[in-house]
2 protein chains.
Amino acid sequence: MPDRYIDFANSTIGQRLVGALGLPAPTRLERWQAGRLRPVEGALLLGGGPLAAHIASFAQRLTDAVYSYGSEVPGCSSWIPGHGPRLKALVFDASPLEQVDQLKQLREFFQPLLRNLESCAHVVILGRAPQGLRDPFAASAQRALEGFSRSLAKELRNGGTVQLLQVDDDAQDQLEGALRFFLSPKSAYISGQVLHLSACTSRVLDWSRPLAGRKALVTGAARGIGAAIAETLARDGSEIILLDVPQARTDLEALAARLGARSIALDICAEDAARQLVEQLPDGLDVLVHNAGITRDKTLANMTPEFWDAVLAVNLNAPQVLTKALLDSGTLHDHGRVILLASISGIAGNRGQTNYAASKAGLIGLAQAWAPLLGERGISINAVAPGFIETQMTAHIPFALREAGRRMSSLGQGGLPQDVAEAVAWLAQPGSGTVSGQALRVCGQSVLGA
Amino acid sequence: MPDRYIDFANSTIGQRLVGALGLPAPTRLERWQAGRLRPVEGALLLGGGPLAAHIASFAQRLTDAVYSYGSEVPGCSSWIPGHGPRLKALVFDASPLEQVDQLKQLREFFQPLLRNLESCAHVVILGRAPQGLRDPFAASAQRALEGFSRSLAKELRNGGTVQLLQVDDDAQDQLEGALRFFLSPKSAYISGQVLHLSACTSRVLDWSRPLAGRKALVTGAARGIGAAIAETLARDGSEIILLDVPQARTDLEALAARLGARSIALDICAEDAARQLVEQLPDGLDVLVHNAGITRDKTLANMTPEFWDAVLAVNLNAPQVLTKALLDSGTLHDHGRVILLASISGIAGNRGQTNYAASKAGLIGLAQAWAPLLGERGISINAVAPGFIETQMTAHIPFALREAGRRMSSLGQGGLPQDVAEAVAWLAQPGSGTVSGQALRVCGQSVLGA
């Protein structure tokens, strides 16, 4: 069921009606088109602390129009209010802010810029992880950035997004990869999020094919979000192995043929699934995407044992068992990337989904708990938590609930499978080991949370 | 502006209409009445792991009707489906669950009980903090409890609540205090929350006056939530010192007279406020409640420097400066309790509140960062984050927004100042040092989150 409202709201008549009636006015989001080279098509403005100068050193690779505001940044033209161009991307380095009084720099920096944003502008605020700071007041000031950035994300209009990246000192050399994602349409449907970047020794060699030379396995790949993930990983240069249940073999093989990929028809809950999978991957694996998942919704009062067991087995037990086998057998290479498809239901809980929410919360817990251990081998593990994504599954939700799911977010619309796929593809990059043990929401800043 | 809808929905005609039209049906919540002795007025049912037996050892102090289900618990009658009484309170010890397959015990335990709950029933699930577990699969299973309990909290009707308490081994002796709060109407407006209990050597001596012998300072105490906090701390036996700005002196002195409390008229943002306060508290302090706070809402594009500065100064800087002065001077005694009034805006962010959300997020960060340091002196520091609370402030919100704020929560209504006050009073107890560095939401499980 396509989102016809967004077509209407962006039509000539619709725009007037929506404005006159005060209805939600979702903007048609820009998405990344295959073959595009520059992450930012428009002006990028840098400001704030010393990371702005660091970013300026590679900013010409992001766009050919780089400006600074509020402080001199080498290699950038000064942006002057009332004269500078409209802005497509903003980065403010707030990492030096240690005292409450210094937080006013946020207002001073952003205020003149907010009326000069292009449609679908992307804002990144850089800070520090509060838990890494010794001074409680500095930690408090840095934590304040989170309330600020989530609020600003709720204030932006026209498809704009805001993220807060907490950057460790030894993670600065991974900023390019993070900004190529968060300043570009690859992160179109992500807003109001907070991520922590720590040291990572791997790096992308060719930004036009960041996954070149990597081998990726995607489960549940025959359709929907799984197929979008496979296509996006392939676009980024990865060799792909598609996995789905034997019943989906027709779709799976058609996709495999289209992508020049291998396919494996296997029930991941079968008793010997782990052994079979290891055997079928003699050359090993760099990227493991656990996308396969099912819903069997019932309130707990009406939940059958079968519904409970099936969801926990597919969504949580299989990823645990398979990942362990791939790790123990050495199939998953050092510096590998594990990505678990969770859900905002796993964060906020959801009526009728005690089983599903438990399984998805369990995946987030798995990423958090496993990350420090796998980090010793350079392997990262993260969860991606989609919100309302337009798929066959959500097309079957009753109208009123579907509309609520779409509109109850800062971007006022559902996301596309591609939005989830872009997040997975970014986390799959060699340099994205800078993120581990975290949950990245792809939800348009849905109001739902914990 | 009282919540007339809740009166309507609970009237004879209203109940029929609400049912027929599928409108929200908020239940009138039970609140704690002064003079009440038993936390649970009705049947308490225990089950699950070994903590059930531990709780049974003091459960007779909570209620005179204690049952067990699913496993034998010494001193408890067995509850039999179809025969046992309706239940007012449930505790399930899920702390032994280490594998995905064991999670089905949640369904098995709860399912027969859910149709036998009294109105305003309170459910507590006990688990372990995932970050304290070495086995990633056990951490994953324990993290799954979070998705389960938040979902179950969304499914309960008739004012029921669900919390997940993650209990360290050496925190078991503090369970009575936590259960006296979370199984009683003192936590009427708290649901879907996760708290971690760690070791604490202090304890409550007299449960009818848990704050006897403690001296508490409450800022912003003249009216609203601050006044409710002062009254509740006084009810629980604390000596009270009320603080508010000089302009509020009339209200402040009237409340002081009523509670037999001292009052201090002081602008907490004054240059010498810290020195003045220390001088006025020669006998020291056990409980420090930073309730004073202001809003000055504007989108960031329209935010004045004065609005920004005022909110950050009152809400974040003053608590930092005053707490530090009270600590450094030894005014705040060892084993003291610091409670910071935050907001769900500090968690989720809010449109028009970049300043307020930053200040409230900063308070949450302050509690997180300071807790380990203050813990060396036995001092705890926590944030309480109210959602939509019925006060003079929320009475001025436009109708549609006010209705949304009330209904967009699992309990379908706003909370009362007393609900926030009860949370503060619990965290002020000697034994509540078992909780530190955390944010406790008092929001009826508002859908809003991060």
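Counting from 1, residues in each chain are numbered in the order their sequence is written. Each chain takes a letter, starting from A, and each ligand takes a number, starting from 1, following the order in which they are written. Two thresholds apply to this predicted model, a pLDDT of at least 70 for residue-level local features and 80 or more for giving and counting side-chain atom pairs, whereas whole-chain, interface and lining totals are computed over all residues. Derived side-chain values reflect all non-hydrogen atoms in the structure, with water molecules and hydrogen atoms excluded from consideration.

*Asks:* Looking at this model, I keep getting lost on the relation of the copies chain A and chain B. Mind explaining?
*Replies:* The operation relating the two chain copies consists of a rotation about an axis and a shift along that axis. All copies are superposed by least squares; the fitting set is the C-alpha atoms of residues with a pLDDT of at least 70 in both. Taken as rigid bodies, chain A and chain B are interconverted by a rotation of 180° and an axial shift of 0.0 Å, the fit giving an RMSD of 0.0 Å. Given the turn and translation reported, the copies of this chain are related as if by a two-fold rotation axis. When each C-alpha of chain A is compared by its distance to the rotation axis, Gly-449 of chain A comes out closest, at 1.7 Å. Of the interface residues in chain A, 100% have counterparts in chain B that sit at the interface too, so the contact is made through matching surfaces. Throughout, a residue-residue contact means that at least one pair of heavy atoms, one from each residue, lies within 4.5 Å.

*Asks:* Is there a simple way to explain the environment of Ser-436 of chain B in this structure?
*Replies:* Residue and element names in this part refer to chain B. Helix and strand assignments follow DSSP, with helices taken as H or I runs no shorter than four residues and strands as E runs no shorter than two, numbered in order from the N terminus. With respect to the element layout, Ser-436 can be found in the loop between helix H15 (417-427) and strand E14 (439-442). Under the scheme applied here, a residue whose accessible area is under 20% of the maximum for its type counts as buried, over 50% as exposed, and between as partly exposed, the area being computed with a 1.4 Å probe on protein chains only. By relative accessible area, which is 24% here, Ser-436 ends up partly exposed. For the pair Ser-436 and Ala-383, spaced 53 residues apart in sequence, the C-alpha to C-alpha distance is 8.9 Å. Setting aside residues up to four positions removed in sequence, Ser-436 forms contacts with Ala-371, Ile-379, Ser-380, Ile-381 and Asn-382. Side-chain polar atoms of Ser-436 contact the backbone nitrogen of Ile-381, separated by 3.1 Å. Any pair of nitrogen or oxygen atoms within 3.5 Å is treated as a polar contact; in protein, a donor-acceptor pairing is required on top of that, and neighbouring residues in sequence qualify only through side-chain atoms on both sides.

*Asks:* Is there a simple way to explain the packing of aromatic side chains in this structure?
*Replies:* Where two aromatic rings form a pair, the distance of their centres and the angle of their planes describe that pair. The aromatic pairing rule takes the rings of Phe, Tyr and Trp, using the six-membered ring of Trp, and pairs them if the centres are within 6.5 Å, calling planes under 30 degrees apart stacked, those over 60 edge-to-face and the rest tilted. The tally for this structure, following the rule as stated, stands at 24 aromatic pairs over all chains. With a centroid separation of 5.2 Å and an interplanar angle of 75°, the aromatic rings of Phe-182 of chain A and Trp-426 of chain A are classed as edge-to-face. Taken together, the residues Phe-182 of chain A in helix H6 (residues 175-182) and Trp-426 of chain A in helix H15 (residues 417-427) connect sequence positions 244 residues apart. Just as Phe-182 of chain A is buried, Trp-426 of chain A falls in that class too. Between Tyr-5 of chain B and Phe-8 of chain B, the aromatic rings sit 6.0 Å apart at their centres with planes inclined by 50°, giving tilted as the arrangement. Here Phe-8 of chain B and Tyr-5 of chain B lie together in helix H1 (residues 4-9), a separation of three residues that amounts to about one turn. One aromatic cluster is present, built from ring pairs that chain together Tyr-69, Trp-79, Phe-92, Phe-109, Phe-110 and Phe-148 of chain A together with Trp-308 of chain B. Criterion for a charge above a ring: Lys NZ or Arg CZ within 6 Å of the ring centre, and within 35 degrees of the ring normal. The ring of Trp-32 of chain A carries the charged tip of Lys-186 of chain A above its face, separated from the ring centre by 4.5 Å.

*Asks:* Teacher, can you tell me more about the interface of chain A and chain B here?
*Replies:* Frequently, the measure chosen for interface size is the accessible area that the parts lose on association. Counting residues at the interface gives 67 residues for chain A, matched by 67 residues for chain B. Two parts placed together each lose some accessible area under a 1.4 Å probe, and adding up what both lose gives the buried area. With both chains or domains summed, chain A and chain B bury close to 5,500 Å², and 62% of this area falls on carbon and sulfur atoms. One can count 32 residue pairs in polar contact (both at pLDDT 80 or more) joining chain A with chain B. Listed by contribution, the elements that provide at least two residues to the side of chain A that touches chain B are helix H4 (104-114), helix H5 (136-155), helix H10 (305-328), helix H11 (345-348) and helix H12 (354-374) of chain A. Residue classes in the side of chain A that touches chain B are distributed as 33 nonpolar, 20 polar and 14 charged. Polar here means any residue other than Ala, Val, Leu, Ile, Met, Phe, Trp, Tyr, Cys and Pro, which are nonpolar, and Asp, Glu, Lys and Arg, which are charged; Gly is therefore polar.

*Asks:* Before we go on, may I ask you to explain the sheet that holds strand E5 (residues 117-127) of chain A in this structure?
*Replies:* Whether two strands pair comes down to DSSP finding at least two bridges between them. Spatial ordering of the open sheet is given by E3-E2-E1-E4-E5-E6-E7 (chain A), a layout of seven strands whose pairing is parallel. Since the sheet does not close on itself, it has two edges, and those belong to strand E3 (77-78) and strand E7 (193-197) of chain A, each with one partner.

*Asks:* What's the story with a nonpolar patch on the surface in this structure? I'm lost.
*Replies:* Residues and elements named next belong to chain A. A cluster of nonpolar residues, Phe-8, Ile-13, Leu-17, Leu-21 and Leu-23, forms a patch on the protein surface that exposes about 470 Å² of accessible area. Looking at which element gives the most residues to the nonpolar patch, the answer is helix H2 (residues 12-21), with three residues. Leu-17 sits in the partly exposed class, given a relative accessible area of 38%. Residues enter patches when they are more than 30% accessible in relative terms and free of salt bridges; like-charged ones are connected within 9 Å and nonpolar ones (Val, Leu, Ile, Met, Phe, Trp, Tyr) within 5 Å. Here the Shrake-Rupley method, with its probe set to 1.4 Å, supplies the accessible areas, and only the displayed protein chains count as covering residues. In the sections that follow, a salt bridge refers to a side-chain nitrogen of Lys or Arg positioned within 4 Å of a carboxyl oxygen of Asp or Glu.

*Asks:* Hey, could you run me through the sheet that holds strand E2 (residues 65-68) of chain B in this one?
*Replies:* Strand pairing within a sheet occurs via backbone hydrogen bonds; the two strands may be parallel or antiparallel. Residues and elements named next belong to chain B. Spatially, seven strands are ordered E3-E2-E1-E4-E5-E6-E7 in an open sheet, and the strand pairing comes out parallel. Looking at which strands have only one partner, the edges of the open sheet turn out to be strand E3 (77-78) and strand E7 (193-197). Sheet analysis places strand E5 (residues 117-127) next to strand E6 (residues 161-167), joined by six bridges and oriented parallel. Counterpart to His-122 in the pairing with E6 is Thr-161.

*Asks:* In this structure, what is going on with the UniProt feature "domain: Ketoreductase" (unreviewed entry) in chain A? I would like to understand it.
*Replies:* UniProt positions are given in the numbering used here, feature names are shortened, and annotations may be inferred rather than shown by experiment. Feature annotation in UniProt assigns "domain: Ketoreductase" (unreviewed entry) to the following positions: residues 214-387 of chain A. Secondary structure content for residues 214-387 of chain A is 46% helix and 22% strand, while the C-alpha to C-alpha distance between its ends is 28 Å.

*Asks:* Would you explain empty space enclosed by the protein in this entry?
*Replies:* Rolling a probe over the atoms, with the probe sized like a water molecule, indicates the empty space that remains. Here a cavity denotes grid points, spaced 1 Å and computed from the protein atoms alone, that fit a 1.4 Å probe unable to get out, and a pocket denotes an open set having protein on both sides within 12 Å along at least 5 of 7 lines; residues with an atom within 4 Å of a point are the lining. Grid points are joined across faces, edges and corners, and a volume is the space filled by probe spheres set on the points. Per the stated rule, a full pass over the model turns up five cavities of 30 Å³ or more. Looking at the largest cavity, its volume works out to about 60 Å³. Around the largest cavity, the lining residues are Ala-348, Gly-449 and Ala-450 of chain A together with Arg-150, Lys-154, Gly-192, Gln-193, Arg-441, Cys-443, Gln-445 and Ser-446 of chain B. The residue inventory of the lining of the largest cavity, partitioned by class, reads three nonpolar, five polar and three charged. Of the voids in this model, the second largest cavity is the one considered here, and its volume is about 50 Å³. If you trace the second largest cavity, you find it lined by Arg-150, Lys-154, Gly-192, Gln-193, Arg-441, Gln-445 and Ser-446 of chain A together with Ala-348, Gly-449 and Ala-450 of chain B. Per-class residue counts for the lining of the second largest cavity are two nonpolar, five polar and three charged.

*Asks:* Teacher, can you tell me more about the packing of helix H10 (residues 305-328) of chain B against helix H12 (residues 354-374) of chain B here?
*Replies:* Packed helices, taken two at a time, are described by their axes: the angle between them and the distance between them. Residues and elements named next belong to chain B. Fitted lines through C-alpha atoms serve as axes, helices being fitted only where they are in contact, and the angles separating the N-to-C directions of these axes extend from 0 to 180 degrees. One way to put it is that H10 packs onto H12 with a least axis distance of 8 Å and a crossing angle of 15°. With respect to H12, the element H10 is oriented roughly parallel. Every pair of crossing elements has a handedness; the one defined by H10 and H12 is right-handed. Contact residues: Phe-307, Trp-308, Val-311, Leu-312, Asn-315, Leu-316, Pro-319, Gln-320, Thr-323, Lys-324 and Leu-327 in H10; Thr-354, Asn-355, Tyr-356, Ala-358, Ser-359, Lys-360, Gly-362, Leu-363, Leu-366, Trp-370 and Leu-374 in H12. Within the contact of H10 with H12, the residues separate by chemical class into 13 nonpolar, seven polar and two charged. Angles below 35 degrees are treated as roughly parallel, those above 145 as roughly antiparallel, those between 65 and 115 as roughly perpendicular, and all remaining angles as oblique. Crossing handedness is defined as follows: a turn of the near helix away from the far one that is anticlockwise and smaller than a right angle gives a left-handed crossing, while the clockwise case is right-handed.

*Asks:* Looking at this model, I keep getting lost on helix H14 (residues 399-407) of chain B. Mind explaining?
*Replies:* Note on helix geometry: an α-helix contains 3.6 residues per turn, so any two residues three or four positions apart are oriented the same way. Residue and element names in this part refer to chain B. Among all positions of H14, only Arg-402, Glu-403, Arg-406 and Arg-407 are buried. The buried residues of H14 all sit within an arc of 120° when viewed along its axis, so they share a single face. Along H14, exposed side chains directed more than 90 degrees from the buried face belong to Ala-400 and Leu-401. This arc corresponds to the set of directions leading from the helix axis out to the C-beta atoms.

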